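Coordinates in review
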Amino acid sequence: MALIAPGAPAPSFKLARADGESFTEADLRGRVSVLVFYPFAFSPVCTDQLQLYEKELGEITADGAAIYGVSCDSTWTQKAFREKLGVHIPQLSDFEPKGAACTAFGVLHEGGFPQRALVIVGPDGVVRWSYQAPSPADLPGVHMIIGGLKNI
């Protein structure tokens, strides 16, 4: 399955927030949202990625955009990861059913984890920009998110 393309409506999905509450496509409505799909909490590249985005969080959210990390890790793992890194980026879990939301966005790797990908959804629920790294080891820089936001 291919990465969701700009112009497509955000698919129907259900992720879990750290508090156990659901996060769905309805939660994307009303503001620009950046979904950061990453393979594994605590892995070296994912750690670098979230720390990099946290460092530039003010620039990413300056015009009101929200940013969320998405992985197939459990909410408990994501909470520990977020606390260990000291980041404020909310984490959304695609743990159960594992990978269902990642599949809907076209980013589930054949190994059962998300590809490293960025998806920007407009306030109307339509995908405005998307990018998938060539491999899970490639870290998309902040400039990619900023550039994607400028094209909204």
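Considering the nonpolar core
Ranked by internal contacts, the top residues of the largest apolar core, which has 24 residues, are Tyr53, Ile60, Ile67, Ile145 and Leu149. Elements with a contribution of two residues or more to this core: β3 (33-37), α1 (44-55), α2 (57-61), α3 (75-85), β6 (117-121) and α5 (142-150). Considering every element that reaches this core, the biggest residue donor is α5, with 5 residues. Other than its neighbours up to four places away in sequence, Ile145 contacts Val34, Tyr53, Ile60, Ile67, Leu118 and Ile120. Counting 21 residues, the second largest nonpolar core, distinct from the first, contains Leu15, Phe37, Ala66 and Val70.

Things to note about the pairing of β6
Most of β6 is tucked away, with 5 of its 5 residues classed as buried. By the alternation rule, side chains of β6 split into Ala117, Val119 and Val121 and Leu118 and Ile120, which are all buried. Pairing analysis gives 5 bridges linking β3 to β6, with the strands arranged antiparallel. In the strand pairing of β6, Val36 is matched with Leu118. Looking at chain direction, β6 and strand β7 (residues 127-132) are connected through 5 bridges and run antiparallel. Considered in β7, the bridge of Ala117 is made with Gln132.

Calculation criteria
- Residues numbered from 1 in each chain as written.
- Predicted model: local features only at pLDDT ≥ 70, side-chain atom pairs only at ≥ 80, totals over all residues.
- Heavy atoms only, no water.
- Core = buried A, V, L, I, M, F, W, Y, C linked by side-chain atoms within 4.5 Å.
- Buried < 20%, exposed > 50% of the residue type's maximum accessible area, 1.4 Å probe, protein only.
- Helix = DSSP H or I, 4+ residues; strand = E, 2+ residues; numbered from the N terminus.
- Contact = heavy atoms within 4.5 Å.
- Pairing = 2+ DSSP bridges.

Don't take any of this as a statement about function, it's just geometry.
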